[in-house]
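# Notes for the structure review
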Amino acid sequence: MYMSRGSRTAILAVCATVLLATSACGEDQPEEATTQQVRLYGTDGNMLNSYPEALQDRAGLVDGMKGTTPLTPLPDNFKNRLRSVDPKLTDYLYSAEAYDAVLISALAAQLAGSTDPADIAKQIVGVTNNGTSCTTASQCLRLARQGTDIEYRSVSITRAGFTEAGEPATASYATLHFDGQQLNDAKTEFVGAGDEAAASKKKPPKAKRQNGNFPDPNSGAPLVLGGLLPKTGDLAIANPPIAAGAALALKEINAAGGVLGEDVVWIDGDDGTSPTVAKATVASHIDAGVHVIIGAGGSGISAAVLPDVVDAGLILFSPSNTAADLTEADDKGLYFRTAPPDSLQGRALADVILRDGPQKIAIVARADSYGKGLQEVVRAELERAGFGGDRVKLLGYEPGEDAEAAPINFGEGAKQIKQFGADAVLIIGFSESAAVIRALADADVPLAALTSS
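Not measured: the values here are computed from a predicted model.

### With respect to the overall build of the protein
Helix and strand content of the protein: 13 helices and 15 strands. Counting across all 453 residues of the protein, residues that qualify as buried make up 53%. When contacts within the protein are restricted to residue pairs at least 6 apart in sequence, long-range pairs at least 24 apart make up 72% of them. Surface accessibility of the protein: about 19,400 Å² in total, with carbon and sulfur atoms responsible for 51%.

### Describing the side chain of Asn 239
Among the secondary structure elements, Asn 239 is positioned in helix H6 (residues 239-255). Residue contacts for Asn 239: discarding those within four places in its chain leaves Leu 229, Pro 230 and Lys 231.

### Thoughts on the pattern of salt bridges
For the structure shown, the criterion picks out 20 salt bridges. The salt bridge involving Glu 167 is made with Arg 337; its shortest N-O contact spans 2.8 Å. Here Glu 167, found in the loop between strand E4 (150-152) and strand E5 (170-179), pairs with Arg 337, found in strand E12 (residues 335-337); they are 170 residues apart in sequence, far enough to count as distant. Each member of the pair Glu 167 and Arg 337 is classed as buried.

### Considerations on empty space enclosed by the protein
For the structure on display, the rule yields 3 cavities of 30 Å³ or more. By volume, the largest cavity is sized at about 80 Å³. Every residue lining the largest cavity is listed: Asp 44, Gly 45, Tyr 94, Leu 235, Ala 238, Gly 297, Gly 298, Ser 299, Ser 320, Thr 322, Tyr 370 and Phe 430. Here the lining of the largest cavity is composed, by residue class, of 5 nonpolar, 6 polar and 1 charged. In this structure, the second largest cavity spans a volume of roughly 50 Å³. Together, Pro 70, Leu 71, Thr 72, Glu 97, Ser 156, Pro 168, Thr 170, Ala 171, Ser 172, Thr 338 and Pro 340 line the second largest cavity. Ranked by the residues each element gives to the lining of the second largest cavity, the list is headed by E5, at 3 residues. Taken together, the residues of the lining of the second largest cavity break down into 5 nonpolar, 5 polar and 1 charged.

### Structural notes on the layout of surface pockets
Empty space within the second largest pocket amounts to approximately 360 Å³. Around the second largest pocket, the lining comprises 18 residues; the ones closest to its centre are Leu 71, Lys 79, Tyr 92, Leu 176 and Asp 185. When the residues that make up the lining of the second largest pocket are grouped by side-chain class, the tally is 10 nonpolar, 5 polar and 3 charged.

### A short note on the packing of aromatic side chains
Counted according to the given criterion, the structure contains 4 aromatic pairs. With a centroid separation of 5.6 Å and an interplanar angle of 90°, the aromatic rings of Phe 78 and Tyr 99 are classed as edge-to-face. Of this pair, Phe 78 sits in helix H2 (residues 76-85) while Tyr 99 is found in helix H3 (residues 95-112), placing the two residues 21 residues apart along the sequence. Judged by relative accessible area, which is 2%, Phe 78 ranks as buried. Where Tyr 370 meets Phe 430, the ring centres are 5.4 Å apart and the plane angle is 15°; that geometry is what we call stacked.

### Details of the sheet that holds strand E8 (residues 224-228)
Taken in spatial order, the 5 strands of this open sheet run E9-E8-E10-E11-E12, and their pairing is parallel. Of all strands in the sheet, those with a lone pairing partner are strand E9 (265-267) and E12, marking the two edges. Going across the sheet, the axis of each strand differs from the next one's by a mean of 25°, ignoring polarity. Bridge count between E8 and strand E10 (residues 292-295): 4 bridges; the pairing is parallel. Across the sheet, Gly 226 pairs through a bridge with Ile 293, a residue of E10. Running at roughly 165° to E10, H3 makes contact with E8, E9, E10 and strand E11 (315-318) of the sheet.

### A word on the environment of Val 282
Looking at where Val 282 falls in the secondary structure, it is placed in helix H7 (residues 275-288). Residue classification places Val 282 among the buried residues on the basis of a relative accessible area of 1%. Between the C-alpha atoms of Val 282 and Leu 228, which are 54 residues apart in sequence, the distance is 7.6 Å. With residues near it in sequence (within four places) discarded, Val 282 still touches Leu 228, Ile 293, Val 305, Asp 308 and Val 309.

### A look at H6
Its 17 residues place the ends of H6 24 Å apart at the C-alpha level, agreeing with the 24 Å of an ideal helix rising 1.5 Å per residue. Burial in H6 covers these residues: Asn 239, Pro 241, Ile 242, Ala 244, Gly 245, Ala 246, Leu 248, Ala 249, Leu 250, Glu 252 and Ile 253. Gly 257 lies just past H6 and shows a positive phi near 110°.

### Looking at the packing of H2 against H3
At their nearest, the axes of H2 and H3 sit 11 Å apart, and the two run at 75° to each other. Comparing their axes, H3 and H2 come out roughly perpendicular. Contact residues: H2 offers Phe 78, Arg 81 and Leu 82, while H3 offers Ser 95, Ala 96 and Tyr 99. Among the residues forming the contact of H2 with H3, the class breakdown is 4 nonpolar, 1 polar and 1 charged.

Rules and cut-offs
- Residues numbered from 1 in each chain as written.
- Predicted model: local features only at pLDDT ≥ 70, side-chain atom pairs only at ≥ 80, totals over all residues.
- Heavy atoms only, no water.
- Helix = DSSP H or I, 4+ residues; strand = E, 2+ residues; numbered from the N terminus.
- Buried < 20%, exposed > 50% of the residue type's maximum accessible area, 1.4 Å probe, protein only.
- Contact = heavy atoms within 4.5 Å.
- Areas by Shrake-Rupley, 256 points an atom, 1.4 Å probe, with all protein chains shown as cover.
- Salt bridge = Lys/Arg side-chain N within 4 Å of Asp/Glu carboxyl O.
- 1 Å grid on protein atoms, 1.4 Å probe; cavity = no way out; pocket = protein on both sides within 12 Å on 5 of 7 lines; lining within 4 Å.
- Points joined across faces, edges and corners; volume = space filled by probe spheres on them.
- Nonpolar A, V, L, I, M, F, W, Y, C, P; charged D, E, K, R; others polar.
- Phe/Tyr/Trp six-rings, centres within 6.5 Å; stacked < 30°, edge-to-face > 60°.
- Pairing = 2+ DSSP bridges.
- Axes fitted to C-alpha atoms, helices over the stretch in contact; angles between N-to-C directions.
- Expected span 1.5 Å × (residues − 1).
- Parallel < 35°, antiparallel > 145°, perpendicular 65-115°, else oblique.

In structure tokens form, the structure reads like this:
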């Protein structure tokens, strides 16, 4: 067919501008490789405003990172009260759970009419179930002094109370988003989990009525609480809100008249995110006559010290332990937690990841009961959603006793993730897990924060 010179020129122009990338015109052109962005996901141990600090000059790598954490919508009134004890507070993770752990311990002692840990333990589950509803320290303590069975409801305990195992029957989870180096509260979504029917129906021992405002010489008052919180170590980034929650509860309990006629005493203590440090603190608390230990911060630390606490006949009450295996711990009825188990969080976390439509997922976890437990729960949830073993890669790392002295080396793991071709990476850890993100960037894994900048 005859074609004019003008027509040929026009067609060539179209080819040059529209089809150049596909090499459909003229000589073959080398194909340009497409880059698949890799999305980062986190959990309650690293989805904090303080987490980017662990990345130092590479803090921008968290931009776009998403994750879940046990969290209820916190009222402004509660946040303001927290800031009254710590004006510098920027995160609120587990603050409500810490507040509730301290207050429930105080209420249980008041109802028991005793500071004996065995007597207090028998009241703790009942404090949250099947009684007269109350929501504040002053209101609940007044009812408890009258010998009235109570059903405590607060910021972290809303729909149902504790199970027989001494942990929440229901929970609320938040999906958090990093925009730049800060969590964007406007994007936070909340979802409920758990089963209200799992809450205990068992009646606690009959509450003891307090006669007058003076302490009963047989009660053992004052009630002494010992902190076992992550003031140092990998989980120290989560300590400020936990410490603020505990301090606020103590302040409000004593302002309402204390327990058994005396102010509750607090003895500070560090768990160091280290079994060695935590065991030393527990030994010190035992010598000091502590009745209830509030902590530890990490599940693995609680698992390490629980035998020592139980042998001493004390209570261990954690505001932030989530490892599912602690539900079945051999605790002689002396271990409790206000944080929900990861059997609930794993479902919420898998849902967040799947919403983005990934093809291959790598799950990197610190090698302790928290990391390995949550990793397995998420893997099982992904498998239930149709992600077989060929689409999910599991990796772990040893956090070590002192991450600052010997930071983890995840270089080989990062190379494996790149070779696997993951387009989603879930990182289960604390501040030390920043080394995983740095290693991924060093291995030229195309993180979303890098490829979008």
